[in-house]
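# Tertiary structure, described
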Amino acid sequence: MLDKTRRGWWKSAVFYQIYPKSFQDTTASGVGDLRGIISRLDYLAELGIDGIWLSPVFASPQADNGYDISDYRAIDPMFGSMDDMDELIREAKRRGISIIMDLVLNHSSDEHFWFKEALKSRDNPYHDWYVWRDGDGITPPNDMRATFGGSCWTYVPHLGQYYFHQFAVKQPDLNWENPDVRRALYDMIRFWVERGVEGFRLDVIDQIAKEPDNHITGNGPRLHEFLRELSREAFREEGLVTVGEAWGADVERARLYSAEDGSELSMVFQFQHMCLEDCGDKWHTRPLSLPELKRCFERWQHGLHNAGWNSLFMNNHDLPRIVSRWGDEGALRETSAKMLATMLHGMQGTPYIYQGEELGMTNMHMTVDQFADVETINHYHEAVARGENPGDVMAGIYRRGRDNARTPMQWDAGKNAGFTTGTPWLPVNENHTYINAAAQVGDPDSVFSYYKRLITLRKQYDVFRDGSFTLLCPEDENVFAYTRDTADAHMLVMCNFTGSEAAFDVPEDYQNAKTLIANYEDAAAGRLRPYEARIMYVGRG
Ligand code: GLC
């Protein structure tokens, strides 16, 4: 178990994201719940993770699956009770697992008490807690578009005003310019810290300092000032881990966010490596260029070495399954899933595993009426109304839609994959008959066991945490290889990103190196087999 009183303990940690709706149901409601998570803690302890990032379980009308909160201090009855939450925190801690909660501070639900009050009149004390502009209901204050479609402005006739929302209509933006709003949020955070929560993931935190009059959403002028205040007021415990979701972060900004003095956050989720295929938006894409991906990771590995801290991820509840995206869904699914994990976990930073990633779960093709995600549904209708070919729109959704990652966790080969005895809220992938936890936990060759070994290695060899990063063969279209070095330990990570053999010569220094992990039994001279991955090590231990 990690000593969590040690400063920067999270640099040695591996986190696991749970999307509660889809993890484990215990009430036959078809929706996962907190007791379900408690019942699976031993599985997570077996995997070896140190913390759980729990997607929102707060009271919510679920317009965006909990990212629309109507009471920040209450558990949604769909997920259980406050007692269940306390028990989860306690039971997790007993296994060395910290609970990291998801803070949605940019916006609330329109059903939150604050917004209901704000709607009452212009001089209600809560009115200024949201962002309003006067108007006539015909022409919105400007042409800004919301992430989930439509205008950023929704008109309220009895006030003669529009409110601002960067996401759905039911997610009004909070006004961070108002100190009362900030204070209320800090108090709420303290409430959870006192209950034993050991860290937070901060939803779209780069968007809190918006300035709609200047068309600014992300990276507003007061962003880092707000973050420093937040950190000072709400995160004063030494041991808390904080990770901000920041789509707009580049390396320079990430240095501020994750500064070693702890003045802002522990680290951020940045998305540059996740957007390389985008052409204009995520729905229209081109194939991945491996040299571009390598250069992107190199920039982050160098940029934050001794100057901040990286988070390492390629999956979450907003992204498609990585094995479907950069690997192989067919015969080489397991091999490619292991290769992708090797590529990521070999780097410097804190890895995050998204539920089911450790099993090599895949995307799922649903029909339009099966989609549940507000973004996907709105996008489908808007794009088709704009005249895009429905088949092309569906192809984009199959590649990148958020429901891909939200299908229920595949526990076993039985009915509904062991997720629920009721009717699942989102269809279960049919491939659960052969992709499931029960089949993998005891199998030393499984994707699960491979992730488990990667986690163990990170704990055994300091070079994973501390080593500098050197990219090898940057222009190679097939192989992603790099070394990690400290004064007395050296590690070579090599990954074939393709389904064919690729030429690769192991550098001289590693000819007699020890293999720490590999997805093929023996090494082959001068080449890497389809999706082969290997980590070699020279040093003490
Ligand atoms: C973040 C969440 C996403 C949510 C959005 C609005 O990007 O990860 O799921 O829809 O913020 O809260």
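Residues numbered from 1 in each chain as written. Predicted model: local features only at pLDDT ≥ 70, side-chain atom pairs only at ≥ 80, totals over all residues. Heavy atoms only, no water.

### Re the overall build of the protein
Helix and strand counts for the protein stand at 15 helices and 22 strands. Expressed along its principal axes, the backbone C-alpha trace of the protein runs to roughly 75 × 50 × 45 Å. Relative to its 541 residues, the protein shows a buried fraction of 60%. In the protein, the share of contacts with a sequence separation of at least 24, taken over all contacts with a separation of at least 6, comes to 69%. With an accessible surface of roughly 20100 Å², the protein has 48% of that area assigned to carbon and sulfur atoms. Positive and negative side-chain charges in the protein, numbering 56 and 81 respectively, have mean positions lying 3 Å apart. (Helix = DSSP H or I, 4+ residues; strand = E, 2+ residues; numbered from the N terminus. Buried < 20%, exposed > 50% of the residue type's maximum accessible area, 1.4 Å probe, protein only. Contact = heavy atoms within 4.5 Å. Areas by Shrake-Rupley, 256 points an atom, 1.4 Å probe, with all protein chains shown as cover. Lys, Arg positive; Asp, Glu negative; His and termini not counted. Charge placed at Lys NZ, Arg CZ, Asp CG, Glu CD.)

### Examining helix α3 (residues 82-94)
With 13 residues, α3 ought to run about 18 Å at 1.5 Å a step, and its terminal C-alpha atoms sit 18 Å apart, in line with that. Turning to α3, its buried residues number three or more, namely D84, M85, D86, L88, I89, E91 and A92. At its buried positions, α3 is contacted by α1 (34-39), α2 (41-47), β2 (51-54), β4 (71-75), β5 (98-103) and α5 (179-194). Two or three places before D83, at the opening of α3, S81 has a side-chain oxygen 3.3 Å from that residue's backbone nitrogen. G96 sits one or two positions beyond α3 and adopts a positive phi of about 80 degrees. (Expected span 1.5 Å × (residues − 1). Polar contact = N/O pair within 3.5 Å; in protein donor to acceptor, adjacent residues only side chain to side chain.)

### Concerning the environment of L174
Note on placement: L174 falls in the loop between β8 (161-164) and α5. C-alpha separation for the pair L174 and D64, spaced 110 residues apart in sequence, amounts to 16 Å. Non-local contacts of L174, meaning those with residues more than four positions away in its chain, are made with Y72, L105, N106, H107, S108, W114, W129, Y130, V131, V181, L185 and K210.

### What to know about the site of the ligand
Close contacts around the ligand come from 14 residues, with D64, D203, E245, H317 and D318 the closest. Contact distances for the ligand include 2.9 Å between an oxygen atom and a side-chain N or O atom of H107. Against a free-state accessible area of 310 Å², the protein chains account for coverage of 97% of the ligand. By residue class, the composition of the shell around the ligand is 4 nonpolar, 3 polar and 7 charged. (Near = heavy atom within 4 Å. Nonpolar A, V, L, I, M, F, W, Y, C, P; charged D, E, K, R; others polar.)

### Digging into the nonpolar core
Buried together is how nonpolar side chains tend to be arranged in soluble globular proteins. Ranked by internal contacts, the top residues of the largest apolar core, which has 141 residues, are M85 and F480. Dropping the residues within four chain positions of it, F480 is found in contact with L290, L293, K294, F297, M343, M347, L471, V493, M494, C495 and F497. (Core = buried A, V, L, I, M, F, W, Y, C linked by side-chain atoms within 4.5 Å.)

### What about the domain arrangement of the protein?
For the protein, the assigned domains are domain 1 (9-105 + 240-452), domain 2 (113-164) and domain 3 (465-539). Put simply, the middle of domain 1 and the middle of domain 2, counted by C-alpha atoms, are 32 Å apart. When domain 1 packs against domain 2, the two sides together hide about 460 Å² of surface, and 55% of this comes from carbon and sulfur. Inspection of the domain 1/domain 2 interface yields 0 salt bridges. A per-element tally of the side of domain 1 that touches domain 2 places helix α11 (residues 374-385) first, with 4 residues. Split into classes, the residues belonging to the side of domain 1 that touches domain 2 amount to 2 nonpolar, 2 polar and 4 charged. (Domains from an automatic or database assignment. Buried area = accessible area lost by both parts, 1.4 Å probe. Salt bridge = Lys/Arg side-chain N within 4 Å of Asp/Glu carboxyl O.)

### Digging into the pattern of salt bridges
Should the charged atoms of two oppositely charged side chains come close, the side chains can pair. The tally for this structure, following the rule as stated, stands at 40 salt bridges. One salt bridge connects R35 with E87, and the closest N-O pair in it is separated by 3.0 Å. Linking R35 in helix α1 with E87 in helix α3, this pair joins segments that are 52 residues apart in sequence. Taking relative accessible area as the criterion, R35 reaches 35% and is therefore assigned partly exposed. E87 sits in the partly exposed class, given a relative accessible area of 22%. One continuous salt-bridge network, built from bridges that share partners, spans D64, K282, D318, D373, E375, R402 and R406.

### With respect to the packing of aromatic side chains
Inspection of every chain in the model, using the stated rule, returns 32 aromatic pairs. Judged by centre distance (6.0 Å) and plane angle (5 degrees), the ring pair of F115 and W132 falls under stacked. Taken together, the residues F115 in helix α4 (residues 113-118) and W132 in strand β6 (residues 132-134) connect sequence positions 17 residues apart. A single burial state applies to F115 and to W132, both of which are buried. Each ring, one from F297 and one from F480, has its centre 6.1 Å from the other, and the planes form 40 degrees; the classification is tilted. Separated by 183 residues along the polypeptide, F297 in helix α8 (residues 290-304) and F480 in strand β17 (residues 479-485) bring together distant segments of the chain. (Phe/Tyr/Trp six-rings, centres within 6.5 Å; stacked < 30°, edge-to-face > 60°.)

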